[in-house]
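What follows is the residue order along each chain.
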Amino acid sequence: MTALDLNELELAPPEVVRQAARDFAAALADTPQFRAYEEAVERLNHDPEAQRAIEAFQTKQHSLQAMIMLNALSEADKAELQRLQNVFRSTPAVIAYAEAQADLMTICQAAADRLSETIGLNYAAVCGSGCC
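Here the structure is a predicted model, which means the values were calculated and not measured.

Asks: An account of the nonpolar core is needed here, citing residue identities and associated values.
Replies: Listed in full, the 12 residues of the largest apolar core are Leu44, Ala50, Ala53, Ile54, Phe57, Leu64, Leu73, Leu81, Leu84, Phe88, Ala93 and Val94. Of all elements in the fold, only α4 (48-63), α6 (75-89) and α7 (92-119) reach the threshold of two or more residues within this core. With four residues, the single largest contributor to this core is α4. Once you skip the residues sitting within four places of it in the chain, Leu84 turns out to touch Ala56, Phe57 and Lys60.

Written as structure tokens, this is what we have:
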């Protein structure tokens, strides 16, 4: 960017940017998708069946972590891990959570696309996670 380009930019004061971010977050939190996601998280966190299934899968996965990293799982261990994963993924609370998460991701992606169009910059690429 040249000095001329920088001079032509409209720069907003930091407080204006922060207020716009707060307004955006409030609008997002007020969407049916966000509310449904929060409800699904709450249901998942308090569903004993789902919690047992998730814990069983994670315990097995953790016990096999070294073999997984070495890509040396036996067929029996692979099958058991897959079975446990299928059990937790098929619980109603997990299904509802996954659907709510996908719906929220869709609206967030649409918002990011709209923001990118408005600012003329790929918002998702600029705001992606970094290593530091």
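Asks: Pulling in residues and values, what's your account of a nonpolar patch on the surface?
Replies: Among the surface-exposed residues, Leu115, Ile119, Leu121, Tyr123 and Val126 lie close enough to one another that they form a single nonpolar patch of about 420 Å² accessible area. Sorting the residues of the nonpolar patch by element identifies α7 and α8 (123-126) as the ones contributing at least two each. Taking relative accessible area as the criterion, Val126 reaches 52% and is therefore assigned exposed.

Asks: Can you tell me about the packing of aromatic side chains, naming the residues and giving the values?
Replies: On inspection of all chains with the given rule, the structure shows two aromatic pairs. Taken together, a centroid distance of 5.2 Å and an interplanar angle of 45° make the contact between Phe57 and Phe88 tilted. On the criterion of sequence distance, the pair formed by Phe57 in helix α4 and Phe88 in helix α6 is long-range, its members being 31 residues apart. Pair check on accessibility: Phe57 and Phe88 agree, each one buried.

Conventions we followed
Residues numbered from 1 in each chain as written. Predicted model: local features only at pLDDT ≥ 70, side-chain atom pairs only at ≥ 80, totals over all residues. Heavy atoms only, no water. Core = buried A, V, L, I, M, F, W, Y, C linked by side-chain atoms within 4.5 Å. Buried < 20%, exposed > 50% of the residue type's maximum accessible area, 1.4 Å probe, protein only. Helix = DSSP H or I, 4+ residues; strand = E, 2+ residues; numbered from the N terminus. Contact = heavy atoms within 4.5 Å. Patch = residues over 30% accessible without salt bridge, like charges linked within 9 Å, V, L, I, M, F, W, Y side chains within 5 Å. Areas by Shrake-Rupley, 256 points an atom, 1.4 Å probe, with all protein chains shown as cover. Salt bridge = Lys/Arg side-chain N within 4 Å of Asp/Glu carboxyl O. Phe/Tyr/Trp six-rings, centres within 6.5 Å; stacked < 30°, edge-to-face > 60°.

These figures come from the coordinates and say nothing about function on their own.
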